[in-house]
Amino acid sequence: MSNHPIVQPVQSLHPAVHNRRELRDLQSDHRQFSLYILSLRELMKEHFNVNDFSYPSIAGIHGQPYVEWGSSGPETSDTQFGGYCTHGSVLFPTWHRVYTLLFEQALFAKANEIAKQYPTERDEWSKAADALRSPYWDWAHAGPGKPQVPSVLVTPSISITTPEGVKEVDNPLYTYKFLDVSVTNSFGDPWHNWKTTLRYPTNENPDAKSNMAGFNDWFVDDVKHLRNEVYMCLTRNPRWETFSNHSATDEPVGVNSLETIHDQVHEGIGGSETEGHMAIIPVAAFDASFFLHHTNVDRLLSLWQALHPDLWVIPGPQPNGTFTIADGATVNVDSDLTPFWNTQSTYWKSTEVKSTDDLLYTYPEFNGLEKSSPQQVKEAIMEKVDALYGHHLFVPKPKPMPSGRTPRTWNLHIRFKKYEFGSSFGIDVLFDGQRVASVASFASRRNTPCANCQNNINLELDSFVHLTELFYEKEPSLHSLDLEHVRPLLERITFVMRGRKEDGSPADIDHDLPSLKVLPYSQDIIDPDSSFPRLGNVVHYPGVLRGRLGQLPYSEWALPSEGTA
Ligand SMILES: [Cu+2]
């Protein structure tokens, strides 16, 4: 009889729901923060194993090495992807929910062991450990002052309180040192060259280093855009199909999916000039920022759930497949979330992870709402989402609008084939030559199975860029949001591609992404003074970019036409 590793909520003697805390908030609690760092360090000292909860074992589940984990059965024959993570499908949010639960379980167990080693204040330390959950980094929230990546993500060493006193230790959030050659040997080129995880690698050689300034630059440029996207994704994406994953649909809703935004952050942390670990699916989870990122993705899922209490996983295809799911197979709310066992004979299913309270964690936004009705929770969360990320987006400026002028939002719909370039890449959206947003393809590289998969070669990604706030920022005296006044602004937008071809030369957007399509669209703001303005029909402007990059005859978009102008 096989003995499967069981994934379960934290195993506490006093089971209770506790907050997953924001990284910067966690840092203000020296006990929990020290336990978090020490636990990560301990997990990272353990070796790769296909049956346990060491750091590399957990990280390896996501992608490479492409091996069976937890005695979950051999690889299915007709898959194009040998990892377990479900990308591009309706299971993206729930599979990763269980994945963060597994990480949390391992983190919690270590923290509780370590808490016992403190010679003094042991009660306080074990209380801190008992309440420790997987922290998140809210990358759509800049914090006060000039935007900066939290310093704890970009400094090589860090001061914490250990059982032996205050010490400066190597920072596990900065890099992970691979211990197992069997792991790095399973990676493609150049990742197998590198003995540590890297962000914005300086080159592809074994002596490459991280260029954390690149990571910070991306954040400074993109945080505002990410915030707008998060707001739109949470509040204007009322279908599981379009909320859950990045695959293009016949009826796009005009705002990004959770996965699309998540893809951008993977690229933003890893870098796509030379791709750091976070930038490609097969090796991303080895960088400890992965779980800070994915815990935040899970938090956004919780916020969206509160705003859409009746919606959950619907059936859909699994492009590429996974280690256990065949390429293109239909998955649904009852699909096994392999390889995550919840008993010796069953796997977790999406039906079982709807309530995070059942999983013994929650997020700060839900504190105080424990006894509220779904409607009350919805209203309270709407206010918080608004305060954190949004609303100002719809306040028409100048206020009031000149009479006869309609307040509206301006956006770009960007669509391209995910695998056309053969690797992960980013597209920067530039205004007067300055990056104001980016969209990304978070993929696997050419020498991994996905690159050759004919079935999915035409798979398209949808991304949406919201421009209204930017236009007012660049042109404070903008007379109206009518096409006549907005057209000159749209014309100042250009695109560049970040990424490297197989021969090492930089990607060139004019030649390397023939599938690229760009389409401006607007939506009227129907009731701009209400607390939740509604948006009118999508109006496309296929002619505005005529003769420019990404412009295509409207008929080739195959969109259900709501109207063009
Ligand atoms: Cu991810």
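Residues numbered from 1 in each chain as written. Predicted model: local features only at pLDDT ≥ 70, side-chain atom pairs only at ≥ 80, totals over all residues. Heavy atoms only, no water.

### Some words on the overall build of the protein
From N to C terminus, the protein includes 14 helices and 15 strands. In terms of C-alpha radius of gyration, the protein reaches 23 Å, essentially the compact-globule figure of 24 Å for 565 residues. Each of the three principal axes of the protein carries a C-alpha extent, and together these read 70 × 50 × 45 Å. Buried positions account for 61% of the 565 residues belonging to the protein. Counted over contacts in the protein with a minimum sequence separation of 6, partners at least 24 positions apart contribute 70%. Element-wise, carbon and sulfur atoms account for 51% of the exposed surface of the protein, whose accessible area totals about 21,000 Å². Where the 48 positive side-chain charges of the protein centre and where its 70 negative ones centre are 4 Å apart. (Helix = DSSP H or I, 4+ residues; strand = E, 2+ residues; numbered from the N terminus. Rg over C-alpha atoms; globule rule 2.2 N^0.38 Å. Buried < 20%, exposed > 50% of the residue type's maximum accessible area, 1.4 Å probe, protein only. Contact = heavy atoms within 4.5 Å. Areas by Shrake-Rupley, 256 points an atom, 1.4 Å probe, with all protein chains shown as cover. Lys, Arg positive; Asp, Glu negative; His and termini not counted. Charge placed at Lys NZ, Arg CZ, Asp CG, Glu CD.)

### Some thoughts on the coordination of the copper ion
Only His 262 (NE2), His 266 (NE2) and His 294 (NE2) from the protein reach the copper ion as donors, at distances of 1.8 to 2.1 Å. For the copper ion, the single-chain donor residues occur in sequence as H-x3-H-x27-H. Placement of the pair is His 262 in helix 9 (residues 258-270) and His 294 in helix 10 (residues 289-307), with a sequence separation of 32 residues. Take His 262 and His 294: they sit in the same class, and that class is buried. (Donors = N, O, S within 2.8 Å, 3.2 Å for Na, K, Ca; no water.)

### A short note on the packing of helix 4 (residues 92-115) against helix 10
Where helix 4 meets helix 10, the axes come as close as 9 Å, and the angle between the chain directions of the two elements is 125°. Our classification of the angle between helix 4 and helix 10 gives oblique. The element helix 4 and its partner helix 10 pack so that their crossing is left-handed. Judged by residue contacts, Phe 92, Pro 93, His 96, Arg 97, Tyr 99, Thr 100 and Phe 103 of helix 4 engage Phe 290, Phe 291, His 294, Thr 295, Val 297, Asp 298, Leu 301, Ser 302 and Gln 305 from helix 10. For the contact of helix 4 with helix 10, the class distribution of residues is eight nonpolar, six polar and two charged. (Axes fitted to C-alpha atoms, helices over the stretch in contact; angles between N-to-C directions. Parallel < 35°, antiparallel > 145°, perpendicular 65-115°, else oblique. Left-handed = near helix turned anticlockwise from the far one by under 90°. Nonpolar A, V, L, I, M, F, W, Y, C, P; charged D, E, K, R; others polar.)

### Observations concerning the packing of aromatic side chains
Applying the stated rule across the entire model yields 30 aromatic pairs. Between the aromatic rings of Tyr 361 and Tyr 363, the centroid separation amounts to 5.7 Å while the plane-to-plane angle is 75°, which identifies the pairing as edge-to-face. The exposure class of Tyr 363 is buried, given its relative accessible area of 0%. An aromatic cluster of three or more residues is present, and its members are Trp 95, Tyr 99, Phe 103, Phe 290, Phe 291 and Phe 340. In this structure, Arg 20 packs its charged tip against the face of Tyr 361, placed 3.4 Å from the ring centre. (Phe/Tyr/Trp six-rings, centres within 6.5 Å; stacked < 30°, edge-to-face > 60°. Lys NZ or Arg CZ within 6 Å of the ring centre and 35° of its normal.)

### Structural notes on the UniProt feature "domain: Tyrosinase copper-binding" (unreviewed entry) in the protein
As annotated by UniProt and renumbered to match this structure, "domain: Tyrosinase copper-binding" (unreviewed entry) occupies residues 87-104. Its end C-alpha atoms 21 Å apart, residues 87-104 is made of 72% helix and 0% strand. (UniProt positions renumbered as here; feature names shortened; annotations may be inferred.)

### Quick look at helix 13 (residues 483-490)
Where helix 13 is concerned, the buried positions are Val 486, Leu 489 and Leu 490. The buried side chains of helix 13 occupy one side of the element, clustering within an arc of 95° when seen end-on. On its buried face, helix 13 is in contact with strand 9 (408-417), strand 10 (425-431), helix 12 (468-474), strand 13 (493-498) and strand 14 (517-525). (Arc of directions from axis to C-beta.)

### Observations regarding the environment of Glu 241
Tracing the backbone through its elements, the reader meets Glu 241 in helix 8 (residues 240-244). For Glu 241, a relative accessible area of 32% gives the class partly exposed. For Glu 241 and Asp 287, which are 46 residues apart along the polypeptide, the C-alpha to C-alpha distance reads 29 Å. Once residues within four sequence positions are removed from consideration, Glu 241 is found in contact with Thr 249 and Ile 314. Of the polar contacts made by the side chain of Glu 241, one reaches the side chain of Arg 239; its length is 2.9 Å. (Polar contact = N/O pair within 3.5 Å; in protein donor to acceptor, adjacent residues only side chain to side chain.)

### Considering the confidence of the model for the protein
Parts of the prediction with low pLDDT should not have their coordinates interpreted in detail. Chain-level statistics for the protein give a pLDDT mean of 88 and a share of 92% at 70 or above. Contacts of residues 446-453 to residues separated by more than four positions or lying in other chains number 24 contacts, the stretch itself having pLDDT below 50. (pLDDT = per-residue confidence, 0-100.)

### Some details on the side chain of His 466
Mapping His 466 onto the fold places it in strand 12 (residues 460-466). Separated by 2.8 Å, the side chains of His 466 and Asn 411 make a polar contact. Dropping the residues within four chain positions of it, His 466 is found in contact with His 225, Asn 228, Glu 229, Met 232, Gly 254, Val 255, Trp 410, Asn 411 and Tyr 521.

### Things to note about the nonpolar core
Grouped together as the largest cluster of nonpolar side chains are 121 residues, with contacts concentrated most on Leu 35, Tyr 36, Tyr 99, Trp 137, Trp 139, Leu 173 and Phe 340. Here the element with the most residues in this core is helix 4; it accounts for 12 residues. Both domains that furnish three or more residues to this core are identified here as domain 1 (18-368) and domain 2 (392-557). Those residues within four positions of Tyr 99 in sequence are excluded, and the remaining contacts are Ile 58, Ala 59, Ile 61, His 62, Ala 285, Phe 290, Phe 291 and Phe 340. Residues Trp 410, Val 436, Leu 470 and Val 544 belong to the second largest nonpolar core, which totals 35 residues. (Core = buried A, V, L, I, M, F, W, Y, C linked by side-chain atoms within 4.5 Å. Domains from an automatic or database assignment.)

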